[in-house]
Amino acid sequence: AAYVDSIAAKTDNPIPIKADGEAAGKGAIMAKNKDEALAAIDMIMRQRAFGPAGDRIVIEEFLDGQEATFMFFVDGENFAPMVPAQDYKRAYDNDQGLNTGGMGCYSPVPVLPAELQATVIDTIVRPTLKALKAKGICFKGVLYCGLAMTSKGPKVIEFNCRFGDPETQPI
């Protein structure tokens, strides 16, 4: 509660509260204020809304802007980008409901044009693969980059080592 108080005192932005485990794309709650943040924490951790995925939570920095998914085939050394995609995250008209895990998706994505794709590759993908290699990890598979297209440029929301759903459908 003290940590949520400290965040709420510094910003008027929403406070993202996430279950730290696998929650089928539904474990993130955008609390509008301190009271909603505390209620979200209670729902996740005490009421067990997402089961064991809520054993731990992550309280994140709010990232403004639309989300986009940019996936890559990786062979341990090289990578090949797929076209970006964007899903419809929240239920109800005007995004008034909770995250759904994706109700549909489209591609290409206007908020991630070619020049920003190049930025993501140079500032996120290459450094990530270099860091994995430095740790002795030879990753082979699909690298899923969940991005927020913020006013300060693309920022990572999450990485997954799998195809995204529903993003893979239009890709």
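Residues numbered from 1 in each chain as written. Predicted model: local features only at pLDDT ≥ 70, side-chain atom pairs only at ≥ 80, totals over all residues. Heavy atoms only, no water.

## Comments concerning the confidence of the model for the protein chain
Then, number 1: Of all residues in the protein chain, 96% have pLDDT values of 70 or greater, and the mean over the chain is 90.
Then, number 2: Model confidence for the protein chain, summarised as mean pLDDT per element, is weakest for helix α1 (residues 2-10) at 86 and strongest for strand β5 (residues 79-81) at 98. (pLDDT = per-residue confidence, 0-100. Helix = DSSP H or I, 4+ residues; strand = E, 2+ residues; numbered from the N terminus.)

## Topic: the pattern of salt bridges
Then, number 1: Counted according to the given criterion, the structure contains 7 salt bridges.
Then, number 2: For K18, the salt bridge goes to E60, with nearest N and O atoms at 3.6 Å. Note that K18 is positioned in strand β1 (residues 15-19) and E60 in the loop between β3 (57-59) and β4 (66-75), a separation of 42 residues in sequence.
Then, number 3: Salt-bridge contacts for D122 lead to R126; the nearest nitrogen and oxygen are separated by 2.6 Å. Of this pair, D122 and R126 both sit in helix α3 (residues 114-134), 4 residues apart, which is roughly one turn of that helix.
Then, number 4: D122 sits in the partly exposed class, given a relative accessible area of 46%. (Salt bridge = Lys/Arg side-chain N within 4 Å of Asp/Glu carboxyl O. Buried < 20%, exposed > 50% of the residue type's maximum accessible area, 1.4 Å probe, protein only.)

## A closer look at the packing of α1 against helix α2 (residues 34-46)
Then, number 1: Orientation of α1 relative to α2, taken along the N-to-C sense of each, is 150°, at an axis distance of 9 Å. It follows from the interaxial angle that α1 and α2 lie roughly antiparallel. Along this stretch, α1 crosses α2, giving a crossing that reads as right-handed. On the side of α1, the interface is formed by V4, D5 and A8, while α2 contributes K34, A37, L38 and I41.
Then, number 2: Its residues assigned to classes, the contact of α1 with α2 shows 5 nonpolar, no polar and 2 charged. (Axes fitted to C-alpha atoms, helices over the stretch in contact; angles between N-to-C directions. Parallel < 35°, antiparallel > 145°, perpendicular 65-115°, else oblique. Left-handed = near helix turned anticlockwise from the far one by under 90°. Contact = heavy atoms within 4.5 Å. Nonpolar A, V, L, I, M, F, W, Y, C, P; charged D, E, K, R; others polar.)

## Re the side chain of Q86
Then, number 1: Considering the arrangement of structural elements, one finds Q86 in strand β6 (residues 86-87).
Then, number 2: On the basis of relative accessibility, which here comes to 6%, the residue Q86 falls in the buried class.
Then, number 3: A distance of 2.9 Å separates polar atoms of two side chains, one belonging to Q86 and the other to Q66.
Then, number 4: Once you skip the residues sitting within four places of it in the chain, Q86 turns out to touch Q66, E67, G104, C105, Y106, V109 and V111. (Polar contact = N/O pair within 3.5 Å; in protein donor to acceptor, adjacent residues only side chain to side chain.)

## What about the sheet that holds β1?
Then, number 1: If you trace the 3 strands from one edge of the open sheet to the other, you get β2-β1-β3, paired in antiparallel fashion. The sheet is open, and its two edges are formed by β2 (28-31) and β3, each paired on a single side. Taken pair by pair, the neighbouring strands of this sheet meet at an average axis angle of 20°, ignoring direction.
Then, number 2: Here β1 runs beside β3; their pairing, made up of 3 bridges, is antiparallel. Bridging from a neighbouring strand, I17 pairs with I59 of β3.
Then, number 3: Relative to the sheet, α2 contacts β1, β2 and β3, its axis offset from that of β1 by approximately 0°. (Pairing = 2+ DSSP bridges.)

## Some points on the packing of aromatic side chains
What characterises a pair of aromatic rings is the spacing of the ring centres plus the angle enclosed by the ring planes.
Then, number 1: By the definition in use, this model includes 3 aromatic pairs.
Then, number 2: Pairing F70 with F72 gives two aromatic rings, centres 4.5 Å apart and planes at 50°, and the pair type is tilted. Both residues of the pair, F70 and F72, count as buried.
Then, number 3: On the basis of an interplanar angle of 80° and a centroid distance of 5.7 Å, the ring pair of F72 and F79 is categorised as edge-to-face.
Then, number 4: The exposure class of F72 is buried, given its relative accessible area of 0%.
Then, number 5: Grouping aromatic residues by their ring pairs yields a cluster made of F70, F72 and F79.
Then, number 6: Taking the ring centre of Y144 as reference, the NZ or CZ of R162 above it sits at 5.5 Å. (Phe/Tyr/Trp six-rings, centres within 6.5 Å; stacked < 30°, edge-to-face > 60°. Lys NZ or Arg CZ within 6 Å of the ring centre and 35° of its normal.)

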